[in-house]
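# Structure assessment
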Amino acid sequence: MSIATAVNVLRVAPSHPGSKPGSMSLADHLREARARLIRCALVLVVAFFVALPFYDQLLDLVLGPYNQAQGLIGADTVSTAYVAGATGPLMLNLKLCGTAAVVVASPYWLWQAWAFVVPGLLAREKRWSKVFAAVAGPLFIAGVALGYYVLPKGLGVLIGFTPDGMENLVEFGDYFSFFSRMLLVFGIAVEIPFFLVLLNLAGVVTGAQLGKHRSIILMAAVVFAAVATPSTDPFSMLMLAIPMMVLFILAEVITRLIDRRRASRALAQVAPWTED
């Protein structure tokens, strides 16, 4: 591939600011999607090589909850982490740096995904997309941080079931999968109430509907927390369920305020006609 061809592939030009939503052809959509995917791939590759020198710090970060859990289980239970196979250390290095690259580059590839959708939105919907970009990222990070805080307690409970006289051996690949799922579940869970607000802004649900089904929603949050958390201890479940319930109630309050403001605007538009 020549340099000129590569530049044409990476150029995202089909989206025109003045074009109407839905005016792009299928070929234009495919070319834009290809260009954005290639851009994301290049950024991920760069982020991966940037993360390689920080492998030791990344390993300490991932093993932090496990080391804290060992301090919670006491001296009677012995637990040791190990890497299996001749290629295990290399895969460990690649997996850690690859995951770090995805996380560090997430603002870029999330924006690329959203920018691909934006040309098909109306002007009012594009305005709310800025709210999505400003709130969704920090909220997800807050959920991940909460999961990182809860993880040592859950691990301590699970490792504590090791019978007396036996040693608990933790294969790092299994632990890393458990680590990733735990943090991902917490990050996604706190986003769900935020999407309810977005659905309200889009006119799909109302605050009155959320209030009518409040008890069902709160019970669903508890069930989701019980099923989604990889660890089976009640502490992790409650630490996920309680913030979700608080955020659901906050989402209901926000949607009711939006509905009230929307009704006031509609009444103001009708009032001049009624006076005549």
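Residues numbered from 1 in each chain as written. Predicted model: local features only at pLDDT ≥ 70, side-chain atom pairs only at ≥ 80, totals over all residues. Heavy atoms only, no water.

- The name given to the chain in an unreviewed UniProt entry is Sec-independent protein translocase protein TatC, with Nocardioides exalbidus as the source organism.
- Looking at the chain in UniProt, the text filed under Function (unreviewed entry) is "Part of the twin-arginine translocation (Tat) system that transports large folded proteins containing a characteristic twin-arginine motif in their signal peptide across membranes. Together with TatB, TatC is part of a receptor directly interacting with Tat signal peptides."
- Its UniProt record gives the chain a comment under Subunit (unreviewed entry), which states: "The Tat system comprises two distinct complexes: a TatABC complex, containing multiple copies of TatA, TatB and TatC subunits, and a separate TatA complex, containing only TatA subunits. Substrates initially bind to the TatABC complex, which probably triggers association of the separate TatA complex to form the active translocon." (UniProt positions renumbered as here; feature names shortened; annotations may be inferred.)

### Observations concerning the overall build of the chain
- Of the regular secondary structure elements, the chain holds 11 helices and 2 strands.
- Along the chain direction, N to C, the helices and strands of the chain fall in the order α-α-α-β-α-α-α-β-α-α-α-α-α.
- Scored against the burial criterion, the 276 residues of the chain give a buried share of 33%.
- Relative to all contacts within the chain whose residues are 6 or more apart in sequence, the contacts with residues 24 or more apart total 81%. (Helix = DSSP H or I, 4+ residues; strand = E, 2+ residues; numbered from the N terminus. Buried < 20%, exposed > 50% of the residue type's maximum accessible area, 1.4 Å probe, protein only. Contact = heavy atoms within 4.5 Å.)

### Considerations on the nonpolar core
- In this structure, Leu 96, Phe 172 and Tyr 175 are the most contacted members of the largest nonpolar core, which totals 34 residues.
- Ranked by residue count, the leading element in this core is helix α7 (residues 172-189), at 10 residues.
- With residues near it in sequence (within four places) discarded, Tyr 175 still touches Val 62, Leu 63, Pro 65, Tyr 66, Leu 155 and Val 170. (Core = buried A, V, L, I, M, F, W, Y, C linked by side-chain atoms within 4.5 Å.)

### Side note on the pattern of salt bridges
- Per the counting criterion, the structure on display carries 4 salt bridges.
- A salt bridge links Arg 36 to Glu 32; the nearest nitrogen and oxygen atoms lie 3.0 Å apart. On the criterion of helical spacing, the pair formed by Arg 36 and Glu 32 is a turn pair, its members being 4 residues apart in helix α2 (residues 26-51). As far as burial versus exposure is concerned, Arg 36 and Glu 32 are alike and both buried.
- Between Glu 252 and Arg 214 there is a salt bridge; the shortest N-O distance is 2.7 Å. Taken as a pair, Glu 252 in helix α11 (residues 234-275) and Arg 214 in helix α10 (residues 214-228) lie far apart in primary sequence, 38 residues in all.
- Residue classification places Glu 252 among the buried residues on the basis of a relative accessible area of 6%.
- Through salt bridges that share partners, Arg 214, Glu 252 and Arg 256 make up one connected network. (Salt bridge = Lys/Arg side-chain N within 4 Å of Asp/Glu carboxyl O.)

### Observations concerning empty space enclosed by the protein
- The final tally for this structure, using the stated rule, is 1 cavity of 30 Å³ or more.
- Space inside the largest cavity adds up to approximately 60 Å³.
- Taken together, Leu 196, Leu 210, Arg 214, Ile 217, Leu 218, Phe 248, Ile 249 and Glu 252 make up the full set of residues lining the largest cavity.
- Among the secondary structure elements, those contributing two or more residues to the lining of the largest cavity are α10 and α11.
- Its residues placed into classes, the lining of the largest cavity shows 6 nonpolar, no polar and 2 charged. (1 Å grid on protein atoms, 1.4 Å probe; cavity = no way out; pocket = protein on both sides within 12 Å on 5 of 7 lines; lining within 4 Å. Points joined across faces, edges and corners; volume = space filled by probe spheres on them. Nonpolar A, V, L, I, M, F, W, Y, C, P; charged D, E, K, R; others polar.)

### Quick notes on the UniProt feature "transmembrane region" (unreviewed entry) in the chain
- When the UniProt feature table is mapped onto this chain, "transmembrane region" (unreviewed entry) is found at residues 37-55, 92-111, 131-151, 178-203, 215-232 and 238-258.
- End C-alpha atoms of residues 92-111 are separated by 29 Å, and the span's content is 95% helix alongside 0% strand.
- Regarding residues 238-258, the helix share stands at 100% and the strand share at 0%, and the terminal C-alpha atoms are separated by 30 Å.

### Points about the layout of surface pockets
- In this structure, the largest pocket encloses a volume near 1100 Å³.
- Counting residues per element, the ones that place at least two in the lining of the largest pocket are α3 (55-73), α4 (88-104), α5 (106-117), α6 (123-159) and α7.
- When residues of the lining of the largest pocket are assigned to their parent elements, the largest contribution, 9 residues, is made by α6.
- Split into classes, the residues belonging to the lining of the largest pocket amount to 26 nonpolar, 4 polar and 1 charged.

### Structural notes on a nonpolar patch on the surface
- A surface patch of nonpolar side chains, amounting to about 490 Å² of accessible area, comprises Phe 140, Ile 141, Leu 184, Ile 188, Ile 192 and Phe 224.
- Those elements that place two or more of their residues in the nonpolar patch are α6 and α7.
- Turning to its location among the elements, Ile 188 is positioned in helix α7. (Patch = residues over 30% accessible without salt bridge, like charges linked within 9 Å, V, L, I, M, F, W, Y side chains within 5 Å. Areas by Shrake-Rupley, 256 points an atom, 1.4 Å probe, with all protein chains shown as cover.)

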